[in-house]
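This is what each chain is made of:
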Amino acid sequence: MLPSCCSKPAESGSKRSSIAKLLLGVFVVYILHTVWLLYGFLNTKPCDRSKEEPCIASYLAARPRLQLSVFTCLVPDNSQLNLAVKIDPFNPHSTFERQVNISLPEETRANGTLYAVVYIHKAGVSPLEDSREVHYAALLTTYISPPTTAGQKDGQKPSPRSENPVSHWRPHLSITMMSEDFTFSKAGLPSDVRRYMRVSQDGRQMIYLPLLLINELIFRVRDLMEISSSTVQLPLTVSYEGISLRGFRFWVHLQDVVYSLRQFGFTEENIDEIKETLVDSNLYLLVLTALITALQLICEFLALKNDISSWRKKKSMAGMSRKSVLWRSLSTLLIFLHLLEETSLLVLLPVGLGACVEVWKVFKVFNFQFQWKSSKVNVSKVDEEERKTVEYDTQASRYLSYLVYPLCISGAIFSLAYLRQKSYYSWLINSLVTGVYAFGFLSMAPQLFINHKLKSVSHLQGTVLMYRGVNTLISDLCSFASIFSSSAFFSSSHQLSCFRDELLFFLYLYQRRCYAAKARRRESGTHNKKVKTQ
């Protein structure tokens, strides 16, 4: 009976370990699958006519005389077309830019919309009469809420109009088309290209019409112009660029990524930052960024798995800094509340999961036990070793408060007096989060002090600290590199907190080396004494 009873925890632990390994394996397979898709994306095989497989040739291979026409309308395919730009003859391999003034109809000025319809068709022929024309419709307007004014910041009630989204003008229209003479295989036609392809029959041969695309990645919120009822004309910059098949597929995938981010709840400001990173970076840097992100996710997953497993098995809190655990819990909750205002659900989910784990640790450390029937909370007593740990922890936290509290309070007063804030709640959260970013590295200081007093690091989970140390080092190297880059993808608070954890992490490694050597010497001395007495 006894062996079978004792084997149940081991069996449950092995099941949890196997589930974690399974999830890690699925994640690795997903990364490998993504790498394989990227390889196929960069190397599209042309059609081999020698194998007599059905091929789809380019309509541009015959070099027809083309014309590019840009029209404006209220509703595509269901309203009057007004010619805005005409390029005749049109060279698909050229690059140009035109600036025109667009007259706005009354419906658009009354908080309405306006579309641009781009046609590629035969020169001298109306696009409505050309059977081989291609067109693409794109919005020239978008609805966004007006920015907060100074009067609303001071607590005044906003006007009813300011609460509703207002139509804004997009001053740029970027047209791209695949100008490469590429012959596709009908059997191996990429799915992302198939969406934009129109196939026509030319005798026995199939040809595809020009692949036309409007580049939405050039659109930025800061470039928008509000449309009022008195606005009669607005400027529009129309640009064109011919691209290769690889470039066309690259832009299609990037626009799909932006669309997915909007579905996940990203704000337009966050999407603009991602656009700048994607557009201004080359393909190899993007692949390197994806690999670094995958490495960070693996490290964070392994750290979280080992952290939860070690805390579930922990019976005594001797040597553990309660103030450090409480500080990390409050810091994670504050960052979660800060991100709740500015970011999306995709970012909030992992941060919220981490906050739940840190709150669970607080209940574990302080031995809170709920009694649901009597609605009472019991706090277990601590033993002598834990009482000594609490004494060292209190001493270290007192010394730490002499530095942290004055700096945090003075910084909050300075931001309230000299910086613009959305509201007092936003000021409070931003001040607390700034303190967390600036002094977050000090959360490990009480733990290092306890390690120094106890001359031991055996009470800490070294595997978790190693995973998180590697993850933090990668994050800080990336933020340090972003300081010298043209696109500031990382926030200023994140850049100011660059290298905040490495010093204390290296101190922990130093303590681990020293105290582990002393522990081995003590164990060998004790063993020698036992041998002599025997």
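Cut-offs and rules
- Residues numbered from 1 in each chain as written.
- Predicted model: local features only at pLDDT ≥ 70, side-chain atom pairs only at ≥ 80, totals over all residues.
- Heavy atoms only, no water.
- Helix = DSSP H or I, 4+ residues; strand = E, 2+ residues; numbered from the N terminus.
- Contact = heavy atoms within 4.5 Å.
- Areas by Shrake-Rupley, 256 points an atom, 1.4 Å probe, with all protein chains shown as cover.
- Phe/Tyr/Trp six-rings, centres within 6.5 Å; stacked < 30°, edge-to-face > 60°.
- Buried < 20%, exposed > 50% of the residue type's maximum accessible area, 1.4 Å probe, protein only.
- Pairing = 2+ DSSP bridges.
- Axes fitted to C-alpha atoms, helices over the stretch in contact; angles between N-to-C directions.
- Expected span 1.5 Å × (residues − 1).
- Patch = residues over 30% accessible without salt bridge, like charges linked within 9 Å, V, L, I, M, F, W, Y side chains within 5 Å.
- Salt bridge = Lys/Arg side-chain N within 4 Å of Asp/Glu carboxyl O.
- pLDDT = per-residue confidence, 0-100.
- Core = buried A, V, L, I, M, F, W, Y, C linked by side-chain atoms within 4.5 Å.

Looking only at helices and strands, the chain features 16 helices and 17 strands. In the chain, the share of contacts with a sequence separation of at least 24, taken over all contacts with a separation of at least 6, comes to 76%. Just so you have it, the chain exposes about 32100 Å², and 60% of that area is on carbon and sulfur atoms.

The next point concerns the packing of aromatic side chains. Counted under the stated rule, the structure contains eight aromatic pairs. Aromatic pair phenylalanine 96 and tyrosine 240: ring centres 5.6 Å apart, planes at 25°, arrangement stacked. Placement of the pair is phenylalanine 96 in strand S4 (residues 95–103) and tyrosine 240 in strand S15 (residues 233–243), with a sequence separation of 144 residues. For the residue pair phenylalanine 96 and tyrosine 240, the accessibility class agrees, reading buried in each case. Among the aromatic side chains, those forming a connected cluster through ring pairs are Phe90, Phe96 and Tyr240.

As a further point, take the sheet that holds strand S7 (residues 141–144). An order of S7-S8-S14 is seen for the three strands of this open sheet, with the pairing classed as antiparallel. Only two strands of the sheet have a single neighbouring strand rather than two, namely S7 and strand S14 (225–226). Relative to S14, strand S8 (residues 166–169) runs antiparallel, the two sharing two bridges. What sits directly across from tryptophan 169, in S14, is methionine 225.

Further remarks concern the environment of asparagine 430. By the secondary structure assignment, asparagine 430 is in helix H12 (residues 424–439). For asparagine 430, a relative accessible area of 21% puts it in the partly exposed group. Sequence-wise, asparagine 430 and histidine 338 are 92 residues apart; in three dimensions their C-alpha atoms are separated by 6.9 Å.

Before going further, it helps to examine unusual backbone geometry. Of the consecutive residues aspartate 88 and proline 89, the connecting peptide bond is found in the cis state with omega at 0°. A positive phi angle is found at arginine 63, which is not glycine, with a value near 50°. By relative accessible area, arginine 63 is classed as exposed at 69%.

Here we come to helix H13 (residues 445–454). Looking at H13, one finds that the buried residues are Pro446, Gln447, Leu448, Ile450 and Asn451. Positioned one or two residues after H13, lysine 455 has a phi angle of 55°, which is positive.

Time to look at the sheet that holds strand S3 (residues 82–90). By definition, the strands of a sheet pair up through backbone hydrogen bonds, in either a parallel or an antiparallel sense. If you trace the four strands from one edge of the open sheet to the other, you get S3-S2-S5-S6, paired in antiparallel fashion. A single partner strand is all that each edge strand has here, and the edge strands are S3 and strand S6 (134–139). Strand-to-strand twist of the sheet, defined as the mean angle between neighbouring strand axes without regard to direction, takes the value 15°. Pairing between strand S2 (residues 66–73) and strand S5 (residues 115–122): eight bridges, direction antiparallel. Each bridged residue has a counterpart across the sheet, and for phenylalanine 71 the counterpart in S5 is valine 117.

Counted at 1.5 Å a residue, the expected span for helix H6 (residues 245–263) with its 19 residues is 27 Å, and the 27 Å between its end C-alpha atoms agrees. All of the buried residues in H6 are Leu245, Gly247, Phe248, Arg249, Phe250, Trp251, Val252, Leu254, Gln255, Val258 and Leu261.

A cluster of nonpolar side chains, contributed by Trp36, Leu37 and Tyr39, occupies part of the molecular surface with about 400 Å² of accessible area. Using a relative accessible area of 59% as the deciding quantity, one classes tryptophan 36 as exposed.

The next subject is the side chain of serine 200. Tracing the chain through its elements places serine 200 in strand S11 (residues 199–202). If we skip the residues at most four places from it in the chain, serine 200 touches Arg132, Gln205, Met206 and Ile207.

With that settled, consider the pairing of strand S12 (residues 205–208). The sheet contact formed by strand S1 (residues 55–58) and S12 spans three bridges and is parallel. Looking across to S12, one finds that serine 58 is bridged to tyrosine 208. The sheet contact formed by S11 and S12 spans four bridges and is antiparallel. The partner of valine 199 across the bridge, within S12, is tyrosine 208. In this structure, the hairpin formed by S11 and S12 is closed by a connection of two residues, where glycine 203 is found at a positive phi of approximately 70°.

Here the chain averages 75 in pLDDT, and 74% of its residues register 70 or above. Within the model, the stretch residues 148–162 combines pLDDT values under 50 with 14 contacts to residues more than four positions away or in other chains. Long-range and interchain partners of residues 526–532, a stretch whose pLDDT sits below 50, account for zero contacts in this model, where long-range means more than four residues apart.

Right, let's talk about the nonpolar core for a bit. Among the nonpolar cores identified, the biggest contains 32 residues, and Leu68, Phe90, Trp169, Leu173 and Ile175 are the most heavily contacted of them. Elements supplying a minimum of two residues to this core: S2, S3, S4, S5, S6, strand S9 (172–178), strand S13 (212–214) and S15. Setting aside chain neighbours within four positions, we find phenylalanine 90 in contact with Leu66, Gln67, Leu68, Phe96, Ile120, Met177 and Tyr240. By size, the runner-up hydrophobic cluster in this structure holds 27 residues, among which are Phe182, Leu211, Ile271 and Leu286.

For serine 103, the location among the structural elements is in strand S4. Residues serine 103 and proline 235, spaced 132 residues apart in sequence, show a C-alpha to C-alpha distance of 9.1 Å. Discounting chain neighbours no more than four positions away, the residues touching serine 103 are Val232 and Gln233.

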